[in-house]
Every structure is written in C-alpha cells, then in structure tokens.
Amino acid sequence: MPNAPRLITRFAKQFGLDPQAVLAVARGEGGLRDRPGDIGDLSGGGSFGPFQLYTQGALPARFRGNQQLADRWAWSPAGIRYAIRQMAKTSARGLTGEAAVRAIISEFERPADPQSSIRNALARYGQTRVPQVGPGRRRGGGRAPARAGGGGEPRRGAAPPD
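Anyway, here's the lowdown on the structure attached to this text. Being a predicted model, the structure only gives us computed values, none of them experimental.

**What to know about the overall build of the protein chain**
Helix and strand counts for the protein chain stand at six helices and two strands. If you list the helices and strands of the protein chain from N to C, you get α-α-β-β-α-α-α-α. Taking all 162 residues of the protein chain together, 43% fall into the buried category. In the protein chain, of all internal contacts separated by at least 6 residues, the share reaching a separation of at least 24 is 60%. Surface accessibility of the protein chain: about 9100 Å² in total, with carbon and sulfur atoms responsible for 49%.

**Quick notes on the packing of helix α2 (residues 19–28) against helix α5 (residues 97–109)**
Here α2 crosses α5 at 50°, and the two axes come no closer than 9 Å. Between α2 and α5, the angle is such that the two are oblique. In terms of crossing hand, the pair formed by α2 and α5 is right-handed. Taking contact as the criterion, the partners of A21, V22 and V25 in α2 are, on α5, G97, A100, V101, I104, I105 and E109. Here the residues of the contact of α2 with α5 sort into seven nonpolar, one polar and one charged.

**A word on the pattern of salt bridges**
Pairing is possible between side chains of opposite charge, provided their charged atoms come close. Applying the stated criterion across every chain yields a total of one salt bridge. For the salt bridge of R102 with E98, the shortest nitrogen-to-oxygen distance reads 2.9 Å. Of this pair, R102 and E98 both sit in helix α5, four residues apart, roughly one helical turn.

Cut-off values and rules
- Residues numbered from 1 in each chain as written.
- Predicted model: local features only at pLDDT ≥ 70, side-chain atom pairs only at ≥ 80, totals over all residues.
- Heavy atoms only, no water.
- Helix = DSSP H or I, 4+ residues; strand = E, 2+ residues; numbered from the N terminus.
- Buried < 20%, exposed > 50% of the residue type's maximum accessible area, 1.4 Å probe, protein only.
- Contact = heavy atoms within 4.5 Å.
- Areas by Shrake-Rupley, 256 points an atom, 1.4 Å probe, with all protein chains shown as cover.
- Axes fitted to C-alpha atoms, helices over the stretch in contact; angles between N-to-C directions.
- Parallel < 35°, antiparallel > 145°, perpendicular 65-115°, else oblique.
- Left-handed = near helix turned anticlockwise from the far one by under 90°.
- Nonpolar A, V, L, I, M, F, W, Y, C, P; charged D, E, K, R; others polar.
- Salt bridge = Lys/Arg side-chain N within 4 Å of Asp/Glu carboxyl O.

As structure tokens, this is what we get:
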C-alpha cells in the first residue's frame, strides 16, 4: 500500500501546491490511510481515495461502476497524482496557508458547506508532519550521494507519518 502522506507531499510540491494545505484537506476527506474494506464514502459509496473523488465529479469515467477498482486506483500513486494535478488547475497553485486551503476546498472539493470544510481544514493545517521527499525515486537503492563539492550528508528517510 502506498504511503499517502509521502505521495501527497511529493506531488503537491511537484505541482506548486502547499503540501500542508493539501494534507489538511485530505485528512478531512478520505484520510491519509486506506482502510481495508472501506470502499467509497459512508453516504453511499460513491467517493474514493484521500480526496474522495466522486463518481459524478472528479473520478475519471473509466472507474465508475466498479467500486473496488475505483478505490484501488484513487489510493494509488497515479490516483493521488491525478487528484493533485486537478487541484493545481485551480487558483491554489502558488498559494500557501489559509488562501491555499480556501482555493482547494472551494474550487476543487466544492462541498455542500464550504465554510465548515475550510474551518475544519484550517484547524488541521500544520498538524501533519510533512515527509521529506525528493523529486522522485532513486534507482539502484542505497544511500543518496553526497552533494556536489563534497561535505554533504546523505539524505535520510523521513519519519513515519502520523
């Protein structure tokens, strides 16, 4: 199972979004951990993954009608990257803090009660440890090379997510 906080952080940085804002929104939507047997949302099973991609909304059409496939994809690196790429198409790109949270919720999530969702996400903002991530996977495993010019410390793995 992929590490959702690490993927969210990596893709948020890649697409110019505030990782803390994206993590705060995810914690209020589908959470940061996929729970076995928890397919879709509790109000009808039509939303999937950390961002609760809705079958009649942001979930791509090819996954509609197959809840297991939709859920598996929405939690996958490809599904998380897709959701964050969609977020980056809003005004949230380049914003931080409250402005980023407001843009993500009002322009991407679009809940029935945006003010409550924004208030709740702002209360969670900064409460999730942002994993240290690099630009992508290194091939060959092992330790990261020291920085050019010598004297650099190898990159260490991030602490486990909360």
